[in-house]
Amino acid sequence: MPQPAESDTLSRRHPALPDHLTWEPSSRWVRAVVDGLTVVDTRAPILVWEAGHKVPEYGIPRADVRTDLLSPADDAPAPGRSWRPVRPARRWYHLRLPDRVVPHVAWSWDDDGLDGWLGVTWTPGVLDAWYEEDERVITHPRDPHNRVDALPSSRHVVVRDGDRVLADSRSPVAVYETGLPTRWYLPREDVRFDELVATDTVSECPYKGHATAYWGVRRADGTVEDVAWSYPDPFPAVAAVRDRVAFWGERVVVEVDGVRASSAVDLRV
């Protein structure tokens, strides 16, 4: 597709991802619960973005964390055991509950300017639940600069895997999410489930909810690669995608009105 010519007076706009820690205030009431105990309860959190990263974490004022239940850790979590912080923390803390110790629940950032705040993990399976106001939020804090729109469309979407047609629809719902490729959610009657293999993969998104239905295609070596997913009970803001099926344009070919859809992530790091 033709693109405008860039010059000293015209350039493409890209989301800014600074090369240093950034923060901004939030007025949301934020709580975290584990084993029936509220371990975070704040009305004055901040959002903290690590250098070059799109997803923020909450910085919680120390006074609003049950620091009486925290004890310093002598080590950091093993790789893959914690989503964030991405760069090394200054100090990690374990959470000591009446019946157990939960390791590596909180950390302090390695920056003097954030000495008054603690990060508290959102990694699944560590704490039981996070809330913004009275709504449960999953995966990570919602970014106030991130927008997700689910728009019904009449565009023609065809999904192919080699010579096989996996789906063909003229009534998709387009999901536009800041910085991510457009995803096309198709009615189930337009999907060739006989060409797909159901898998036990699940995932979650703070903007859309729990994707608990996944399908893959069988590759030549016999393995099954996930290529599609669905949200049976999405959050109200994207209710239009309920029970529809979306495909990864990175793993199969998604054509929209006869043109292959871009699967590039529109972020500049």
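For the structure given in this document, a descriptive report is provided here. (Residues numbered from 1 in each chain as written. Predicted model: local features only at pLDDT ≥ 70, side-chain atom pairs only at ≥ 80, totals over all residues. Heavy atoms only, no water.)

## A short note on the nonpolar core
1) Next: If you look at the biggest cluster of nonpolar residues, it comprises 25 residues, and the most contacted ones within it are Val 39, Val 40, Leu 95, Val 120, Leu 127 and Trp 130.
2) Next: Once residues within four sequence positions are removed from consideration, Val 120 is found in contact with Val 40, Glu 57, Tyr 58, Ile 60, Val 105, Ala 106, Trp 107, Leu 127 and Trp 130.
3) Next: In this structure, Val 157, Leu 166, Val 245 and Val 252 belong to the second largest nonpolar core, which totals 19 residues. (Core = buried A, V, L, I, M, F, W, Y, C linked by side-chain atoms within 4.5 Å. Buried < 20%, exposed > 50% of the residue type's maximum accessible area, 1.4 Å probe, protein only. Contact = heavy atoms within 4.5 Å.)

## Comments concerning the pairing of strand E21 (residues 224-230)
1) Next: Counted residue by residue, E21 has five buried out of seven residues, so it is predominantly covered.
2) Next: The pairing of strand E20 (residues 213-218) with E21 spans six bridges and is antiparallel. Looking at the pairing, Arg 218 lines up with Val 224 of E21.
3) Next: The hairpin turn running from E20 into E21, its antiparallel successor, is five residues long, and Gly 222 in that turn takes a positive phi close to 95°. (Helix = DSSP H or I, 4+ residues; strand = E, 2+ residues; numbered from the N terminus. Pairing = 2+ DSSP bridges.)

## Here we look at unusual backbone geometry
1) Next: Note that the residue after Arg 84, namely Pro 85, is joined by a cis bond; omega there is 5°.
2) Next: Within the fold, Pro 85 resides in the loop between strand E6 (70-72) and strand E7 (91-96).
3) Next: Of note, the phi angle at Asp 35 is positive, near 50°, even though the residue is not glycine.
4) Next: Mapped onto the fold, Asp 35 is located in the loop between strand E2 (30-34) and strand E3 (37-42).
5) Next: Positive phi, normally seen in glycine, also occurs at Glu 133, with a value near 55°.

## Concerning the packing of aromatic side chains
1) Next: Scanning the entire structure with this criterion turns up nine aromatic pairs.
2) Next: Look at Trp 92 and Trp 107: their rings are 5.5 Å apart centre to centre, the planes differ by 50°, and that puts the pair in the tilted class. Of the two residues, Trp 92 sits in strand E7 while Trp 107 sits in strand E8 (residues 101-108), which places them 15 residues apart along the sequence. Judged on exposure class, the residue Trp 92 and its partner Trp 107 are both buried.
3) Next: When the ring of Tyr 185 is compared with that of Trp 229, the centres are 6.2 Å apart and the planes differ by 85°; the resulting orientation is edge-to-face. In this pair, Tyr 185 sits in strand E16 (residues 183-186) while Trp 229 sits in strand E21, placing the two residues 44 residues apart along the sequence. Assigned by exposure class, Tyr 185 and Trp 229 land together as buried. (Phe/Tyr/Trp six-rings, centres within 6.5 Å; stacked < 30°, edge-to-face > 60°.)

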